[in-house]
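# Fold and geometry: a report
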Amino acid sequence: MSYLANFTPETAKNCLLDILKTATQPENAKKLSEAKALAARDMVKMMQFVFPLVMELEMGVIKNYGFPPNREGLVQFTQIIREVEKEDSEINHLRTQIRSIYMPPINLSASNDILI
């Protein structure tokens, strides 16, 4: 776990940028687009078809930064990013961009703000 000691905010930014670049590569963008079309804005289907593709892309990138290319590595990476983004708005923005790949926009209005 020595990679954790060397994981700086700058490294976090570079890693998030690499994830975005990977997601926008033509082959990956096509796969994501097809999965989104299949999901048709249904959140359950997004989690079934789109989210696993995003996880796969993220695992492929984080291994280049020393994280294990598995779910455990992805959880560790995500926990670090969540901590670092609290103090760095650019990291927060990059993470939001990545989340927008697999999270459809949610429109909440004040008049329809009833949650059970």
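These figures come from a predicted structure and were not determined experimentally. Every chain is numbered on its own, with residues counted from 1 as its sequence reads. Owing to the predicted nature of the model, reporting of local features is limited to residues with pLDDT of at least 70; listing and counting of side-chain atom pairs is limited to 80 or more, with chain, interface and lining totals taken over all residues. The side-chain values count all of the structure's non-hydrogen atoms but skip hydrogen atoms and water molecules.

### Quick look at the packing of aromatic side chains
By convention, a stacked pair of Phe, Tyr or Trp rings (six-membered ring in the case of Trp) has centres within 6.5 Å and planes under 30 degrees apart, an edge-to-face pair has planes over 60 apart, and any other such pair is tilted. The full count for this structure, using the stated rule, is 4 aromatic pairs. Ring plane angle 85 degrees and centroid distance 5.2 Å describe the contact between Phe7 and Phe67, whose orientation is recorded as edge-to-face. With Phe7 in the loop between helix 1 (2-5) and helix 2 (9-24) and Phe67 in the loop between helix 4 (43-62) and helix 5 (71-85), this pair connects stretches of sequence that are 60 residues apart. With relative accessibility at 10%, the residue Phe7 sits in the buried group. Here Phe7 and Phe77 contribute two aromatic rings whose centre-to-centre distance is 6.1 Å and whose plane-to-plane angle is 80 degrees, an arrangement assigned as edge-to-face. Only DSSP runs of H or I covering at least 4 residues are called helices, and only runs of E covering at least 2 are called strands; the numbering of each starts at the N terminus. For each residue, the accessible area found with a 1.4 Å probe, counting protein chains only, is set against the maximum for its type, and the residue is called buried under 20%, exposed over 50%, and partly exposed in between.

### Observations concerning the nonpolar core
Grouping buried Ala, Val, Leu, Ile, Met, Phe, Trp, Tyr and Cys residues that are joined through side-chain atoms within 4.5 Å yields what is termed a nonpolar core. Core analysis: the largest hydrophobic core is formed by 30 residues, its most contacted members being Phe7, Cys15, Leu16, Ile19, Val50 and Phe77. Looking at this core, the element that brings in the most residues is helix 4, giving 8 residues. Any two residues having at least one pair of non-hydrogen atoms within 4.5 Å are treated as being in contact. Once you skip the residues sitting within four places of it in the chain, Cys15 turns out to touch Phe7, Val61, Ile62, Tyr65 and Phe77.

### With respect to the confidence of the model for the protein chain
If pLDDT is low for a region, its predicted coordinates should not be looked at in detail. Confidence scores labelled pLDDT are given residue by residue by the predictor and lie between 0 and 100. In the predicted model, the protein chain carries a mean pLDDT of 88, and the fraction of residues at 70 or more is 84%. When the elements of the protein chain are averaged for pLDDT, helix 1 gives the smallest value, 61, and helix 2 the largest, 96.

### Thoughts on helix 5
Each α-helix turn comprises 3.6 residues. Residues three or four places apart therefore point the same way. Along its 15 residues, helix 5 runs 21 Å from first to last C-alpha, staying within 8% of the 21 Å computed at 1.5 Å per residue. Restricting attention to buried positions, one finds in helix 5 the residues Gly73, Leu74, Gln76, Phe77, Ile80, Ile81, Val84 and Glu85. End-on, the buried residues of helix 5 take up no more than an arc of 160 degrees, which puts them together on one face. The outward face of helix 5, more than 90 degrees from its buried face, is lined by the exposed residues Arg71 and Glu72. Each helix should span, by expectation, one fewer than its residue count multiplied by 1.5 Å. Each direction from the helix axis to a C-beta atom contributes to the arc, which is the arc of those directions.

### Brief notes about the packing of helix 2 against helix 6 (residues 89-102)
To obtain each axis, a line is fitted to C-alpha atoms, and for helices this fit is confined to the stretch in contact; angles are then taken between N-to-C directions over 0 to 180 degrees. Contact geometry of helix 2 with helix 6 gives a least axis separation of 10 Å together with a crossing angle of 25 degrees. One finds that helix 2 runs roughly parallel with respect to helix 6. You can see that helix 2 and helix 6 cross each other, and the crossing is left-handed. Contacts from Pro9, Ala12, Lys13, Leu16, Leu17, Ile19, Leu20 and Ala23 in helix 2 reach Glu90, Ile91, Leu94, Arg95, Gln97, Ile98 and Ile101 in helix 6. Taken together, the residues that form the contact of helix 2 with helix 6 break down as 11 nonpolar, 1 polar and 3 charged. Should an angle fall under 35 degrees it is taken as roughly parallel, and over 145 as roughly antiparallel, whereas 65 to 115 is taken as roughly perpendicular and any remaining angle as oblique. Take the far helix as your reference; a near helix turned counterclockwise from it by less than a right angle gives a left-handed crossing, and one turned clockwise gives a right-handed crossing. Put simply, Ala, Val, Leu, Ile, Met, Phe, Trp, Tyr, Cys and Pro go in the nonpolar bin, Asp, Glu, Lys and Arg in the charged bin, and everything else, Gly too, in the polar bin.

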